[in-house]
Amino acid sequence: MTATKGLEGVVATQSSISSIIDDQLTYVGYKIDDLAENSSFEEVVYLLWNLKLPTQSELDAFKNEISKHMEVPQAVIDHLRSYDLSTVHPMAALRTAVSLLGLYDEEADVMEEEANKRKAIRLQAQISTVVAAFARIRQGKEPVKPKKGVSYAENFLYMLNGKDPEPIEVEAINKALVLHADHELNASTFTARVCVATESDVYSGITAAIGALKGPLHGGANERVMKMLSEIGEEENAIPYIEEKLANKEKIMGMGHRVYRNGDPRAKHLQKMSKELTKLTGQEKWYNMSVKIESYIKENKGLPANVDFYSASVYHSLGIDHDLFTPIFAMSRVSGWLAHILEQYSNNRLIRPRAEWIGPNTQEYVAINNR
Ligand SMILES: CC(C)(COP(=O)(O)OP(=O)(O)OC[C@H]1O[C@@H](n2cnc3c(N)ncnc32)[C@H](O)[C@@H]1OP(=O)(O)O)[C@@H](O)C(=O)NCCC(=O)NCCS
């Protein structure tokens, strides 16, 4: 038995949810470019869960269902208040809050398909409320209750800032949510599938997935991109900074990808938004700096920018705290995780690979007194 490090190139499951073929990403066969330009996030979530695009009335009913379930139990809000939020990372709080939501869901361990679909709606709805509540509580403000009759993107910004957002802000968040919703068998989705393949519950699968997304090699990269841009400070410092990082064999966050070789098809949409939003807010230096870094890394390392690279300056331009970038990724990707969990349950087999043994040959046990 020979191990494949990082499971690179290993095909671990069949799926009908999203595909990456020849550097093109599709959700249920629909090109990400078309979805990014035309879809609402709710339409994409419906697509991922039902494997078809909704009619207008199906979409209206679906939006209504999500909107109805956005409030979270008061106990979860109280729990958030009990942390020292100056030291807790929001991804850690989100991981715990989602696990806690399971304790308040009477159907948490009901494994019928319809019950799992109802839990999917509740989780998708509540996760944005938790992220916004966390952000407000740590600013010493009261959480804002979700609004009825507005989109998921608009509701999130409303709950985060306590005021109606501008249309361009809603458009930016909606597009970011569409672009992050699913991505074949990425690390956190695989984590979710491994977890529920033991016939464990939806909340356990999503809690595990949040843990996987948190890492800097996965969703945690977007926050670190902004940290890097802030450290660089001014455009003229960008290339010397990158050269030094590369000389020290450090990775440049937001660059490279395990699957894409010629470029991440999501990045160009975020780049366009970054250009528009940084111009609008008079912060073009973040965009200009990003473009310089992207072309330097492409030329010198042959690596493309990934989804996290330009999302950083997009969220920053919207005035969002940098450590909320990855929780926003989670708010979107939970839709993909839930789709994959439902797919895994529908045709389940325990996921249990093997390891190549590289330890010592059989050893004689020595009693503790004789060691
Ligand atoms: C995404 C990522 C984890 C994919 O990793 P991977 O397929 O395992 O590739 P490896 O880490 O083995 O890298 C292969 C080579 O490219 C280099 N490389 C990969 N990403 C790099 C980056 N972001 N900056 C600099 N070098 C990088 C590695 O140093 C390695 O070089 P070497 O062969 O000379 O040692 C990796 O590109 C990365 O760490 N990127 C930064 C984090 C990030 O943006 N993550 C979000 C992904 S959507």
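Keep in mind it's a predicted model, so treat the numbers as computed, not measured.

Procedures and definitions
- Residues numbered from 1 in each chain as written.
- Predicted model: local features only at pLDDT ≥ 70, side-chain atom pairs only at ≥ 80, totals over all residues.
- Heavy atoms only, no water.
- Buried < 20%, exposed > 50% of the residue type's maximum accessible area, 1.4 Å probe, protein only.
- Helix = DSSP H or I, 4+ residues; strand = E, 2+ residues; numbered from the N terminus.
- UniProt positions renumbered as here; feature names shortened; annotations may be inferred.
- Contact = heavy atoms within 4.5 Å.
- Polar contact = N/O pair within 3.5 Å; in protein donor to acceptor, adjacent residues only side chain to side chain.
- Pairing = 2+ DSSP bridges.
- Phe/Tyr/Trp six-rings, centres within 6.5 Å; stacked < 30°, edge-to-face > 60°.

Asker: For this particular structure, what's the right way to read helix H2 (residues 41-50)?
Answerer: At 3.6 residues per turn, the α-helix brings residues three or four places apart onto the same side. Among the ten residues that make up H2, nine are buried, leaving the element largely enclosed by the rest of the structure. Leucine 51, located one to two residues past H2, shows a positive phi value of around 60 degrees.

Asker: Looking at this model, I keep getting lost on the UniProt feature "active site" (unreviewed entry) in the chain. Mind explaining?
Answerer: Residues annotated in UniProt with the feature "active site" (unreviewed entry) correspond here to His257 and Asp308. Sequence-wise these annotated residues cover 52 residues; spatially they are packed, their C-alpha atoms never more than 10.6 Å apart. Residue position: histidine 257 is located in the loop between helix H12 (238-247) and helix H13 (267-280). On the basis of relative accessibility, which here comes to 22%, the residue histidine 257 falls in the partly exposed class. If sequence neighbours within four positions are ignored, histidine 257 has contacts with His183, Asp264, Arg266 and Asn306. A polar contact is formed between the side chain of histidine 257 and the backbone nitrogen of valine 259, at a distance of 2.9 Å. With respect to the helices, strands and loops of the structure, aspartate 308 is situated in helix H15 (residues 307-317).

Asker: Honestly, the sheet that holds strand E1 (residues 18-21) in this entry has me stumped. Any pointers?
Answerer: Strand pairing in a sheet is mediated by backbone hydrogen bonds. Such pairs are either parallel or antiparallel. Overall, antiparallel pairing links the three strands, which are arranged E1-E2-E3 in an open sheet. Each edge of the open sheet is held by one strand with a lone partner, namely E1 and strand E3 (30-31). As defined by bridge partners, strand E2 (residues 24-27) adjoins E3 across two bridges and the pair is classed as antiparallel. Paired with tyrosine 27 across the two strands is tyrosine 30, which belongs to E3.

Asker: For this particular structure, what's the right way to read unusual backbone geometry?
Answerer: Note: most residues except glycine have negative phi, and most peptide bonds are trans. One non-glycine residue with positive phi stands out, namely valine 28, at about 50 degrees. Along the chain, valine 28 turns up in the loop between E2 and E3. When its relative accessible area of 21% is taken as the criterion, valine 28 is described as partly exposed. For lysine 249, which is not glycine, the phi dihedral falls at a positive 60 degrees. Looking at the secondary structure, you find lysine 249 in the loop between H12 and H13. Taking relative accessible area as the criterion, lysine 249 reaches 78% and is therefore assigned exposed.

Asker: Just checking my understanding: could you explain the side chain of arginine 193 for this structure?
Answerer: Residue position: arginine 193 is located in helix H9 (residues 187-196). In contact with arginine 193, not counting residues within four places along its chain, are Thr13, Gln14, Ser15, Leu185, His340, Glu343, Gln344 and Ile351.

Asker: Would you take a moment to explain the packing of aromatic side chains for this structure?
Answerer: One pair of aromatic rings is described through two measures. These are the centre distance and the angle between the planes. Scanning the model with the defined rule gives six aromatic pairs in all. Ring geometry for tryptophan 49 versus phenylalanine 62: centroids 5.7 Å apart, planes at 90 degrees, classification edge-to-face. Within this pair, whereas tryptophan 49 is found in helix H2, its partner phenylalanine 62 is found in helix H3 (residues 56-68), the two being separated by 13 residues in sequence. For tryptophan 49, a relative accessible area of 12% puts it in the buried group. Consider the rings of phenylalanine 309 and tyrosine 310, whose centres lie 5.1 Å apart with planes at 85 degrees: the pair is edge-to-face.

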